[in-house]
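# Structure assessment
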Amino acid sequence: MFERIKEKYRQFSTWQKQPYQVKPLSAKEHVCTTCETHFQGNYCPRCGQSSKLGRYSFKNAFLLFLDVWGLGNRGMFRTLRDLIVRPGYMAYDYLKGMMMAYFPPFKLFFLLIALSLLVESGFNIRRVNRLEESMELYDKMEMENNGLENDQQGDEIEKQATADFLGKAKKANVWINKHLSIVLLIVVLLLCGPLYLFFRHCPNIPDMRFSEFFVSMIYFTDMWYLYSIVASFFCMNYYYESVFPLLTIIPLKQLSGYSYWQTIWRAILALGIFIAVYLGILIAFFLFSFISAAR
(Lines give C-alpha, C1' and ligand atoms only; values in the text may rest on other atoms or scores of the structure.)
Protein backbone atom coordinates (compact mmCIF):
# COMPACT_ATOMS: atom_id res chain seq x y z
CA MET A 1 0.00 0.00 0.00
CA PHE A 2 2.75 2.44 0.99
CA GLU A 3 4.73 1.59 -2.16
CA ARG A 4 1.68 2.32 -4.35
CA ILE A 5 1.17 5.70 -2.70
CA LYS A 6 4.87 6.48 -3.08
CA GLU A 7 4.73 5.54 -6.78
CA LYS A 8 1.63 7.70 -7.35
CA TYR A 9 3.37 10.64 -5.68
CA ARG A 10 6.45 10.09 -7.85
CA GLN A 11 4.29 10.10 -10.98
CA PHE A 12 2.51 13.25 -9.81
CA SER A 13 5.86 14.98 -9.11
CA THR A 14 7.06 14.06 -12.61
CA TRP A 15 3.83 15.40 -14.12
CA GLN A 16 4.15 18.64 -12.11
CA LYS A 17 7.46 19.44 -13.76
CA GLN A 18 6.34 18.77 -17.32
CA PRO A 19 2.56 18.40 -17.86
CA TYR A 20 2.23 20.50 -21.00
CA GLN A 21 2.19 18.57 -24.27
CA VAL A 22 1.55 20.31 -27.58
CA LYS A 23 -0.92 18.42 -29.74
CA PRO A 24 0.03 17.92 -33.40
CA LEU A 25 -1.69 20.09 -35.97
CA SER A 26 -4.74 18.64 -37.63
CA ALA A 27 -4.37 17.68 -41.30
CA LYS A 28 -7.95 18.78 -41.98
CA GLU A 29 -8.33 21.53 -44.56
CA HIS A 30 -10.17 24.69 -43.54
CA VAL A 31 -11.35 27.75 -45.42
CA CYS A 32 -11.37 30.94 -43.39
CA THR A 33 -14.84 32.52 -43.47
CA THR A 34 -13.30 36.00 -43.16
CA CYS A 35 -10.46 36.10 -45.72
CA GLU A 36 -11.13 32.79 -47.57
CA THR A 37 -7.61 31.53 -46.96
CA HIS A 38 -7.11 27.75 -47.23
CA PHE A 39 -5.14 26.44 -44.27
CA GLN A 40 -4.49 23.56 -41.91
CA GLY A 41 -4.55 23.95 -38.14
CA ASN A 42 -6.66 25.75 -35.59
CA TYR A 43 -6.25 29.39 -36.69
CA CYS A 44 -6.05 31.21 -39.99
CA PRO A 45 -2.42 32.29 -40.69
CA ARG A 46 -3.58 35.49 -42.41
CA CYS A 47 -6.23 37.01 -40.09
CA GLY A 48 -6.01 34.76 -37.00
CA GLN A 49 -9.67 33.67 -36.94
CA SER A 50 -10.38 30.34 -35.27
CA SER A 51 -11.19 27.42 -37.53
CA LYS A 52 -14.11 26.60 -35.21
CA LEU A 53 -15.99 29.74 -36.26
CA GLY A 54 -18.25 29.47 -39.27
CA ARG A 55 -21.86 30.43 -39.82
CA TYR A 56 -23.50 32.29 -36.95
CA SER A 57 -24.81 30.11 -34.14
CA PHE A 58 -25.40 30.44 -30.42
CA LYS A 59 -22.30 28.31 -29.84
CA ASN A 60 -20.12 30.65 -31.92
CA ALA A 61 -21.65 33.68 -30.22
CA PHE A 62 -20.83 32.19 -26.83
CA LEU A 63 -17.23 31.46 -27.90
CA LEU A 64 -16.83 35.04 -29.11
CA PHE A 65 -18.26 36.34 -25.83
CA LEU A 66 -15.68 34.29 -23.89
CA ASP A 67 -12.88 35.57 -26.12
CA VAL A 68 -13.87 39.18 -25.46
CA TRP A 69 -13.32 38.58 -21.74
CA GLY A 70 -10.23 36.48 -22.30
CA LEU A 71 -11.88 33.28 -21.13
CA GLY A 72 -12.29 31.40 -24.37
CA ASN A 73 -8.78 30.06 -24.76
CA ARG A 74 -7.55 26.89 -23.11
CA GLY A 75 -4.82 28.86 -21.34
CA MET A 76 -7.31 30.26 -18.83
CA PHE A 77 -8.44 26.90 -17.50
CA ARG A 78 -4.95 25.42 -17.67
CA THR A 79 -3.63 28.41 -15.71
CA LEU A 80 -6.24 28.01 -12.96
CA ARG A 81 -5.45 24.30 -12.72
CA ASP A 82 -1.68 24.82 -12.62
CA LEU A 83 -1.94 27.63 -10.07
CA ILE A 84 -3.46 25.06 -7.72
CA VAL A 85 -1.28 22.00 -8.38
CA ARG A 86 2.03 23.38 -9.77
CA PRO A 87 2.23 27.20 -9.40
CA GLY A 88 6.02 27.50 -9.21
CA TYR A 89 6.68 25.19 -12.14
CA MET A 90 4.03 27.05 -14.14
CA ALA A 91 5.72 30.41 -13.46
CA TYR A 92 9.05 28.86 -14.49
CA ASP A 93 7.51 27.64 -17.77
CA TYR A 94 6.07 31.11 -18.38
CA LEU A 95 9.43 32.77 -17.82
CA LYS A 96 11.06 30.32 -20.24
CA GLY A 97 8.77 31.60 -22.98
CA MET A 98 5.63 29.42 -22.83
CA MET A 99 3.45 32.52 -22.75
CA MET A 100 0.77 31.29 -25.16
CA ALA A 101 0.10 28.28 -22.95
CA TYR A 102 -0.97 30.37 -19.95
CA PHE A 103 -3.28 33.26 -19.18
CA PRO A 104 -1.40 36.56 -18.70
CA PRO A 105 -0.60 37.13 -15.00
CA PHE A 106 -1.70 40.77 -14.74
CA LYS A 107 -4.95 40.24 -16.63
CA LEU A 108 -5.75 37.31 -14.35
CA PHE A 109 -4.81 39.45 -11.34
CA PHE A 110 -7.38 42.12 -12.17
CA LEU A 111 -10.07 39.53 -12.99
CA LEU A 112 -9.55 37.86 -9.61
CA ILE A 113 -9.65 41.24 -7.83
CA ALA A 114 -13.01 41.98 -9.45
CA LEU A 115 -14.33 38.51 -8.56
CA SER A 116 -13.07 38.89 -4.99
CA LEU A 117 -14.87 42.21 -4.53
CA LEU A 118 -18.04 40.64 -5.93
CA VAL A 119 -17.84 37.78 -3.43
CA GLU A 120 -16.98 40.10 -0.54
CA SER A 121 -19.91 42.40 -1.35
CA GLY A 122 -22.50 39.66 -0.91
CA PHE A 123 -22.17 37.11 -3.72
CA ASN A 124 -21.43 34.26 -1.31
CA ILE A 125 -23.17 31.30 0.26
CA ARG A 126 -24.60 33.37 3.15
CA ARG A 127 -25.17 36.57 1.14
CA VAL A 128 -23.12 38.49 3.69
CA ASN A 129 -21.59 41.83 2.71
CA ARG A 130 -18.22 41.55 4.40
CA LEU A 131 -17.19 45.02 3.23
CA GLU A 132 -20.08 46.57 5.16
CA GLU A 133 -19.20 44.44 8.18
CA SER A 134 -15.73 45.98 8.31
CA MET A 135 -17.27 49.46 8.19
CA GLU A 136 -19.70 48.55 10.98
CA LEU A 137 -16.75 47.46 13.11
CA TYR A 138 -15.21 50.93 12.83
CA ASP A 139 -18.58 52.51 13.64
CA LYS A 140 -18.87 50.34 16.75
CA MET A 141 -15.38 51.33 17.89
CA GLU A 142 -16.22 55.01 17.36
CA MET A 143 -19.42 54.66 19.40
CA GLU A 144 -17.52 52.97 22.22
CA ASN A 145 -14.95 55.75 22.18
CA ASN A 146 -17.67 58.43 22.20
CA GLY A 147 -19.31 56.69 25.15
CA LEU A 148 -16.25 57.45 27.23
CA GLU A 149 -16.88 61.19 27.05
CA ASN A 150 -19.08 61.07 30.15
CA ASP A 151 -16.24 59.55 32.17
CA GLN A 152 -14.71 62.45 34.05
CA GLN A 153 -11.54 60.50 34.72
CA GLY A 154 -10.87 59.93 31.03
CA ASP A 155 -8.11 61.76 29.21
CA GLU A 156 -9.83 64.11 26.74
CA ILE A 157 -6.70 64.42 24.60
CA GLU A 158 -6.37 60.66 24.34
CA LYS A 159 -10.06 60.31 23.45
CA GLN A 160 -9.78 62.91 20.71
CA ALA A 161 -6.62 61.30 19.38
CA THR A 162 -8.34 57.89 19.31
CA ALA A 163 -11.37 59.35 17.54
CA ASP A 164 -9.17 61.03 14.93
CA PHE A 165 -7.22 57.83 14.41
CA LEU A 166 -10.38 55.73 13.98
CA GLY A 167 -11.73 58.25 11.49
CA LYS A 168 -8.54 58.16 9.44
CA ALA A 169 -8.39 54.36 9.63
CA LYS A 170 -11.98 54.13 8.38
CA LYS A 171 -11.24 56.47 5.47
CA ALA A 172 -8.09 54.48 4.69
CA ASN A 173 -10.10 51.25 4.65
CA VAL A 174 -12.64 52.75 2.25
CA TRP A 175 -9.85 54.04 0.00
CA ILE A 176 -8.09 50.65 0.00
CA ASN A 177 -11.30 48.84 -0.98
CA LYS A 178 -11.82 51.28 -3.86
CA HIS A 179 -8.20 50.97 -5.07
CA LEU A 180 -7.51 47.39 -4.01
CA SER A 181 -5.70 46.39 -7.19
CA ILE A 182 -3.29 49.34 -6.96
CA VAL A 183 -2.64 48.72 -3.26
CA LEU A 184 -1.93 45.03 -3.81
CA LEU A 185 0.38 45.74 -6.73
CA ILE A 186 2.36 48.16 -4.57
CA VAL A 187 2.53 45.66 -1.68
CA VAL A 188 3.71 42.87 -3.99
CA LEU A 189 6.26 45.18 -5.59
CA LEU A 190 7.63 46.23 -2.18
CA LEU A 191 7.73 42.62 -0.99
CA CYS A 192 9.56 41.59 -4.15
CA GLY A 193 12.50 43.81 -3.17
CA PRO A 194 13.76 41.81 -0.15
CA LEU A 195 12.63 38.48 -1.64
CA TYR A 196 14.59 39.13 -4.82
CA LEU A 197 17.76 39.68 -2.80
CA PHE A 198 17.57 36.09 -1.53
CA PHE A 199 16.28 34.36 -4.69
CA ARG A 200 17.98 36.17 -7.57
CA HIS A 201 20.75 33.51 -7.87
CA CYS A 202 18.58 30.41 -7.39
CA PRO A 203 19.58 27.05 -8.91
CA ASN A 204 16.82 26.99 -11.55
CA ILE A 205 17.39 30.57 -12.78
CA PRO A 206 20.87 31.77 -11.68
CA ASP A 207 20.54 35.07 -13.58
CA MET A 208 16.92 35.91 -12.71
CA ARG A 209 15.87 39.47 -13.45
CA PHE A 210 13.76 41.53 -11.08
CA SER A 211 11.03 41.86 -13.72
CA GLU A 212 10.88 38.06 -14.03
CA PHE A 213 10.63 37.63 -10.27
CA PHE A 214 7.92 40.29 -10.06
CA VAL A 215 5.82 38.52 -12.72
CA SER A 216 6.25 35.25 -10.82
CA MET A 217 5.07 36.91 -7.60
CA ILE A 218 1.99 38.21 -9.43
CA TYR A 219 1.19 34.62 -10.39
CA PHE A 220 1.72 33.52 -6.77
CA THR A 221 -0.60 36.32 -5.63
CA ASP A 222 -3.17 35.01 -8.12
CA MET A 223 -2.74 31.58 -6.54
CA TRP A 224 -3.58 32.58 -2.99
CA TYR A 225 -6.33 34.88 -4.27
CA LEU A 226 -7.99 31.81 -5.75
CA TYR A 227 -7.98 30.15 -2.34
CA SER A 228 -9.14 33.37 -0.70
CA ILE A 229 -12.09 33.73 -3.07
CA VAL A 230 -13.22 30.18 -2.33
CA ALA A 231 -12.89 30.82 1.42
CA SER A 232 -14.83 34.09 1.13
CA PHE A 233 -17.56 32.41 -0.90
CA PHE A 234 -18.09 29.90 1.92
CA CYS A 235 -17.72 32.72 4.51
CA MET A 236 -14.77 31.15 6.27
CA ASN A 237 -13.15 32.96 9.17
CA TYR A 238 -10.62 35.65 8.30
CA TYR A 239 -8.05 33.82 10.43
CA TYR A 240 -8.08 30.94 7.94
CA GLU A 241 -7.70 33.30 5.00
CA SER A 242 -4.65 34.95 6.59
CA VAL A 243 -2.82 31.61 6.29
CA PHE A 244 -3.11 31.50 2.48
CA PRO A 245 -0.16 33.87 1.77
CA LEU A 246 2.05 31.36 3.63
CA LEU A 247 1.36 28.93 0.78
CA THR A 248 3.72 31.08 -1.31
CA ILE A 249 6.54 28.95 0.13
CA ILE A 250 5.48 26.08 -2.17
CA PRO A 251 5.70 27.98 -5.51
CA LEU A 252 8.87 29.76 -4.37
CA LYS A 253 10.47 26.35 -3.79
CA GLN A 254 9.27 25.05 -7.17
CA LEU A 255 10.44 28.16 -9.02
CA SER A 256 13.83 28.54 -7.37
CA GLY A 257 14.93 24.92 -7.09
CA TYR A 258 15.96 25.35 -3.45
CA SER A 259 14.97 22.81 -0.82
CA TYR A 260 12.04 23.62 1.45
CA TRP A 261 14.37 24.54 4.32
CA GLN A 262 16.46 26.87 2.13
CA THR A 263 13.29 28.45 0.74
CA ILE A 264 11.75 28.96 4.19
CA TRP A 265 14.73 30.69 5.84
CA ARG A 266 15.21 32.96 2.82
CA ALA A 267 11.51 33.86 2.84
CA ILE A 268 11.58 34.49 6.62
CA LEU A 269 14.53 36.87 6.35
CA ALA A 270 12.93 38.73 3.44
CA LEU A 271 9.61 38.94 5.29
CA GLY A 272 11.41 40.24 8.38
CA ILE A 273 12.90 43.10 6.36
CA PHE A 274 9.51 43.89 4.85
CA ILE A 275 7.73 43.83 8.23
CA ALA A 276 10.39 46.05 9.80
CA VAL A 277 9.86 48.66 7.07
CA TYR A 278 6.07 48.31 7.32
CA LEU A 279 6.07 48.69 11.11
CA GLY A 280 8.28 51.75 10.80
CA ILE A 281 5.76 53.36 8.46
CA LEU A 282 2.85 52.31 10.68
CA ILE A 283 4.48 53.70 13.85
CA ALA A 284 5.21 56.96 12.06
CA PHE A 285 1.53 57.13 11.03
CA PHE A 286 0.38 56.54 14.63
CA LEU A 287 2.71 59.18 16.01
CA PHE A 288 1.64 61.70 13.39
CA SER A 289 -2.05 61.03 14.21
CA PHE A 290 -1.62 61.51 17.96
CA ILE A 291 0.62 64.55 17.59
CA SER A 292 -1.85 66.18 15.20
CA ALA A 293 -4.72 65.49 17.64
CA ALA A 294 -2.73 66.85 20.59
CA ARG A 295 -2.17 70.14 18.82
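See the structure printed just above.
Right, let's get into the overall build of the protein chain. Broken down by element type, the protein chain carries 12 helices and 2 strands. Taking all 295 residues of the protein chain together, 34% fall into the buried category. Pairs at least 24 apart in sequence give 62% of the contacts found in the protein chain among residues at least 6 apart. For the protein chain, the accessible area works out to roughly 19,500 Å², and carbon and sulfur atoms hold 65% of it.

A separate point is the packing of helix H9 (residues 210-233) against helix H11 (residues 249-256). At a minimum axis separation of 10 Å, H9 and H11 run at an interaxial angle of 145°. Relative to H11, H9 is oriented so that their crossing is right-handed. Taken together, the residues of H11 that come into contact with H9 (itself represented by Phe 213, Ser 216, Met 217, Phe 220 and Met 223) are Pro 251, Leu 252 and Leu 255. Among the residues forming the contact of H9 with H11, the class breakdown is 7 nonpolar, 1 polar and no charged.

This part takes up the environment of Tyr 94. One can find Tyr 94 in helix H4 (residues 87-96). A residue is classified by how much of its surface remains accessible, and Tyr 94, at 12% relative accessible area, is buried. In sequence terms Tyr 94 and Val 215 are 121 residues apart; their C-alpha atoms lie 9.3 Å from each other. Setting aside its immediate chain neighbours within four residues, Tyr 94 contacts Met 99, Tyr 102, Pro 104, Pro 105, Val 215 and Tyr 219.

Counting across every chain of the model gives 9 aromatic pairs. With 5.3 Å between their ring centres and 85° between their planes, Tyr 94 and Tyr 219 make a pair best called edge-to-face. In this pair, Tyr 94 sits in helix H4 while Tyr 219 sits in helix H9, placing the two residues 125 residues apart along the sequence. Exposure class is identical for Tyr 94 and Tyr 219. Each is buried. Connected via pairs of aromatic rings, a cluster forms that spans Tyr 196, Phe 199, Phe 210, Phe 213 and Tyr 258. Against the face of Tyr 260 rests Lys 253, its NZ or CZ located 5.1 Å from the ring centre. Seen from the ring of Tyr 258, Arg 266 lies directly overhead, with NZ or CZ sitting 3.9 Å from the centre.

Position of Ile 229 among the secondary structure elements: in helix H9. Residues Ile 229 and Val 119, spaced 110 residues apart in sequence, show a C-alpha to C-alpha distance of 7.0 Å. Leave out the neighbours within four places in its chain, and Ile 229 touches Leu 112, Leu 115, Ser 116 and Val 119.

The grouping of Leu 115, Leu 118, Phe 123, Ile 125, Val 230, Phe 233, Phe 234 and Met 236 at the surface amounts to a nonpolar patch, some 720 Å² of accessible area in total. On the secondary structure map, Phe 233 appears in helix H9. The class of Phe 233 is partly exposed, set by a relative accessible area of 31%.

Calculation rules
- Residues numbered from 1 in each chain as written.
- Predicted model: local features only at pLDDT ≥ 70, side-chain atom pairs only at ≥ 80, totals over all residues.
- Heavy atoms only, no water.
- Helix = DSSP H or I, 4+ residues; strand = E, 2+ residues; numbered from the N terminus.
- Buried < 20%, exposed > 50% of the residue type's maximum accessible area, 1.4 Å probe, protein only.
- Contact = heavy atoms within 4.5 Å.
- Areas by Shrake-Rupley, 256 points an atom, 1.4 Å probe, with all protein chains shown as cover.
- Axes fitted to C-alpha atoms, helices over the stretch in contact; angles between N-to-C directions.
- Left-handed = near helix turned anticlockwise from the far one by under 90°.
- Nonpolar A, V, L, I, M, F, W, Y, C, P; charged D, E, K, R; others polar.
- Phe/Tyr/Trp six-rings, centres within 6.5 Å; stacked < 30°, edge-to-face > 60°.
- Lys NZ or Arg CZ within 6 Å of the ring centre and 35° of its normal.
- Patch = residues over 30% accessible without salt bridge, like charges linked within 9 Å, V, L, I, M, F, W, Y side chains within 5 Å.
- Salt bridge = Lys/Arg side-chain N within 4 Å of Asp/Glu carboxyl O.

From the geometry alone we can't say anything about function, so treat these as descriptive.
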